[in-house]
Amino acid sequence: MPTRERENQRDAEEGRSTFTAGILHLQGLSVTIPQQPLKHPRTETLRREEGGAWKEGGETRKEGGGTERECGMEVANTNKGVGAEDWGGWDVDPSQHFAPARTHCHPYGCRKDTPRVHRSPRPSRALAKKTTKDPGHPMWYLTPTSGMLLLVQGVLLTLMVAFVRYNDMADAADEGNNFHPFLRGNNPDDNPATILHYSLVLTLILVLVCPGLKLAPLEDACVSAATNCLLTSCLAFQWAILCRGFIHSKDIIYIDIFSLLEASEVCLGLSVGVWQLLGRTTTLRLVLTSLLYVPLHIATALISTHLKVMDRGGSVCIHSFGAAFGAGLVWGFRGKKSAPKMRITPSKTTQLTSLIGTVVTCMLLSEVWAWKTEGDDHHRALLNTCLACLAAYLTAFPASSLTHPRRKVAVSDVECGLLGGCVAVMGAAEMTMGAWGSVLVGALASLASVLTRQLIVPGVWVSSGGGDGLVVGHGVGGVLGGLVGAVMAAFAREELYRVSVYQLYPALAPLEGSDQLAEINHHFIISPGDARSPAHQAALTLAALVATLTVALPTGVLTGLFLRLPVFGKGDVEDMISDECYWQLPSSPHSPPPPCHDDYQC
């Protein structure tokens, strides 16, 4: 038997394919095929990546040039480690290394057998090369983001050392803290920290924990979004304390527990403002946004303070400003580009987590005004807030069902309606609106928030990357809260509140030295005011709302345009919404990172 026939018979017994004179013999089957040598998949890719040799025109060519007439291996370096993606999508363990393929010479061409797979416990050299650190970056190398964070924290620390001191109630060296209460010392029970301890703890949960729960449904960017939100809040806390101190103090900033509570309001507005950018941009840009937002928020809040507008719940200065700033920020940052579609995890667990986060947020929003009120005002505010939230949750179900073709209810709509009703009543929570009034406000705000999200927002904000349901709840609820505050101010008369109206609206109090002020002070102590009329107070409340929106939208757009500057990196949006680009995830501790195009983050 000729040598070629013996080889074909041996290959047939071993289950390998052979072809002779254009006939392919595969375990008893014969198929006519063109007379050309079989090529290994991805030969060209392996040649370029591994520097192997390849077959061309009957000659074996190498990467560095030259030919070999003898029929050898088509791929010379296939024994180097290659991942599954390098073999055309084959399901191959990257820890395997491949033996060289055997090539048989025939008169009609060369044939190469399938490479033999040998398992090895050690990782391949190619995979090790991908997972090792870049030798050009020494251990002390810092990315621009890390360097920026260290620089900002260093500047904040320097300012704290130079300007910030404890208040008398917190200073251990104060004389009042070194004498017994019987000897005219400070009574520990009267210390503000003892009274407001739980208010501060609940406020910190509201600002630092609840946003992370509401970001759970984001599949690709849940880790980046939650951690960056916490990072910006921690930065804003320190920066807000300093900014408020520089505005209200002359030289030295004396801090106490009230400083932390006031700073938490700025952090809450910041969470609303940067919400739509979480997971869509880099940490560096979020840090810059926080540094710009805090002084803008504090300066805009001075408008309401100067006009003596009552907004203890923050419907105007916190929620309206944050939502309007966020809308302008996204529009300026995205421009006319289509917004990236974040993939939402189709899981009931993540939706339930987000719903729980929204419910906890609504429960803790009362802490924004709880430490500012006392007595019957505090009692009335609790009743109004609870009734409005209950009505808002109930109304969100039919509102969501009306906007869906199959009349089903969406969890995101319920969250939007609940948050909108809770924020709306904050504008006048301590006012005498009655049980029916608080229920009406909650129901109308919930209905307006859901309808706005489903009918108006898709054509306005979604085209620029906005339109998140929670941001819509803050924005619509904040605007309605400002309107409710104006209506309640118009009906703030002494016949309804008696002399308590001058506590709720100090600007309505009589002028100093007037006979009316002296008559009131016979049985109730109040401070002199501006003798405003209720209609005048309502008009100023509307003016504060319009001024806040007028400042928030342009400043948000300018901030977004500023973040688009090339100096802050040219990261691809598709990489921005992936946690794998910037975070070492526990599911794949040794996997190589995906390609990242933002030098300012990677």
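Residues numbered from 1 in each chain as written. Predicted model: local features only at pLDDT ≥ 70, side-chain atom pairs only at ≥ 80, totals over all residues. Heavy atoms only, no water.

(A) The arrangement of the overall build of the chain in detail. Scanning the chain for helices and strands turns up 22 helices and twelve strands. Among the 602 residues that make up the chain, the fraction classed as buried is 46%. Expressed as a percentage of contacts within the chain between residues at least 6 apart in sequence, the contacts between residues at least 24 apart total 69%. Carbon and sulfur atoms make up 62% of the accessible area of the chain, which amounts to about 30,800 Å² in all. (Helix = DSSP H or I, 4+ residues; strand = E, 2+ residues; numbered from the N terminus. Buried < 20%, exposed > 50% of the residue type's maximum accessible area, 1.4 Å probe, protein only. Contact = heavy atoms within 4.5 Å. Areas by Shrake-Rupley, 256 points an atom, 1.4 Å probe, with all protein chains shown as cover.)

(B) A look at the packing of helix α10 (residues 283–307) against helix α21 (residues 534–563). Axis separation between α10 and α21 bottoms out at 10 Å; the angle between their running directions is 165 degrees. By the angle class used here, α10 and α21 are roughly antiparallel. Taken as a pair, α10 and α21 cross one another with a handedness that is right-handed. Residues R285, L288, T289, L292, L296, T300, I303, S304 and L307 of α10 form the contact with α21, whose own contacting residues are L540, A544, A547, T548, V551, T555, T559, F562 and L563. (Axes fitted to C-alpha atoms, helices over the stretch in contact; angles between N-to-C directions. Parallel < 35°, antiparallel > 145°, perpendicular 65-115°, else oblique. Left-handed = near helix turned anticlockwise from the far one by under 90°.)

(C) View of helix α14 (residues 375–402). Between the first and last C-alpha of α14 there are 42 Å, a value that for 28 residues agrees with the 40 Å anticipated at 1.5 Å per step. Considering bend angle alone, the principal kink of α14 is centred on A396 and spans about 25 degrees; proline P398 follows within four residues of it. (Expected span 1.5 Å × (residues − 1). Bend = angle between axes of the 7 residues up to and from the residue.)

(D) Local environment of a negative patch on the surface. A cluster of acidic residues, E494, E495, D515 and E519, forms a negative patch on the protein surface. Elements supplying a minimum of two residues to the negative patch: α18 (494–497) and α20 (515–520). Its location among the elements puts E494 in helix α18. (Patch = residues over 30% accessible without salt bridge, like charges linked within 9 Å, V, L, I, M, F, W, Y side chains within 5 Å. Salt bridge = Lys/Arg side-chain N within 4 Å of Asp/Glu carboxyl O. Lys, Arg positive; Asp, Glu negative; His and termini not counted. Charge placed at Lys NZ, Arg CZ, Asp CG, Glu CD.)

(E) Just the packing of aromatic side chains, in detail. Under the counting rule described, the total for this entry stands at six aromatic pairs. Both rings, one in F163 and one in F246, keep their centres 5.5 Å apart while their planes meet at 90 degrees; by these two values the pair is edge-to-face. Here F246 lies in helix α8 (residues 222–248) and F163 lies in helix α4 (residues 144–163), a separation of 83 residues in the sequence. F246 gets classed as partly exposed once you look at its relative accessible area, which sits at 37%. Among the aromatic side chains, those forming a connected cluster through ring pairs are Y293, F321 and F325. (Phe/Tyr/Trp six-rings, centres within 6.5 Å; stacked < 30°, edge-to-face > 60°.)

(F) Structural view of the packing of α4 against α8. Interhelical geometry of α4 versus α8 gives an angle of 35 degrees and a closest axis separation of 11 Å. Relative to α8, the crossing made by α4 is left-handed. Of the residues in α8, those touching α4 at L149, V152, Q153, L156, L159, M160 and F163 are L231, L235, Q238, W239, L242 and F246. For the contact of α4 with α8, a count of residues per class yields eleven nonpolar, two polar and no charged. (Nonpolar A, V, L, I, M, F, W, Y, C, P; charged D, E, K, R; others polar.)

(G) Quick look at the pattern of salt bridges. Scanning all chains against the criterion turns up eight salt bridges. Here the salt bridges do not stand alone but share partners, grouping K308, D530 and R532 into one network.

(H) Representation of the nonpolar core within the structure. Counting residues in each nonpolar core, the largest one holds 44 residues, and the members touching the most others are L215, W239, L242, L277, L278 and V294. The set of elements that each furnish at least two residues to this core consists of α4, α8, α9 (257–273), α10, α11 (315–334) and α21. In terms of residue count, α8 provides more of this core than any other element does, ten residues in total. Within the second largest apolar cluster, 25 residues are counted, among which are A388, M488, Y497 and L504. (Core = buried A, V, L, I, M, F, W, Y, C linked by side-chain atoms within 4.5 Å.)

(I) Examining unusual backbone geometry more closely. In the Ramachandran plot, R407 falls in the positive-phi region, its phi being about 55 degrees despite a non-glycine side chain. Position of R407 among the secondary structure elements: in the loop between α14 and α15 (411–426). For A531, which is not glycine, the phi torsion reads 55 degrees and is therefore positive. Take A531: it is sitting in the loop between α20 and α21.

(J) Broad picture of the side chain of S401. With respect to the helices, strands and loops of the structure, S401 is situated in helix α14. What makes S401 buried here is its relative accessible area of 16%. A polar side-chain atom of S401 sits 3.1 Å from the main-chain carbonyl oxygen of R407. In this structure S401 touches R407, K408 and V409, once residues within four positions along its chain are discounted. (Polar contact = N/O pair within 3.5 Å; in protein donor to acceptor, adjacent residues only side chain to side chain.)

(K) Quick peek at α11. Here α11 contains 20 residues, and its C-alpha end-to-end distance of 27 Å stays within 8% of the 28 Å for a straight helix at 1.5 Å per residue. The buried fraction of α11 amounts to 19 of the 20 residues, a majority that puts the element mostly inside the structure.

(L) Examining the environment of P211 more closely. Mapped onto the elements of the fold, P211 is located in helix α7 (residues 210–214). Residue class for P211 comes out buried when judged on its relative accessible area of 6%. For the pair formed by P211 and L230, sequence separation is 19 residues and the distance between their alpha carbons is 8.2 Å. The contact partners of P211, leaving out residues within four places of it in the chain, are L206, C229, S271 and W275.

(M) Highlighting the environment of L268. Following the sequence through the fold, L268 ends up in helix α9. The class for L268 is buried, based on a relative accessible area of 7%. As a C-alpha pair, L268 and L206 span 62 residues in sequence and 8.1 Å in three-dimensional space. Setting aside residues no more than four positions away along its own chain, L268 makes contact with L206, V207, I318, H319, L365 and V368.

(N) A look at the confidence of the model for the chain. Per-residue confidence for the chain averages 75 on the pLDDT scale, and 68% of its residues sit at or above 70. Scored below 50 in pLDDT, residues 62–135 shows 140 contacts in the model against residues more than four places distant or in partner chains. Contacts for the low-pLDDT stretch residues 594–602, under 50 throughout, to residues beyond four places or in other chains number 35 contacts. (pLDDT = per-residue confidence, 0-100.)

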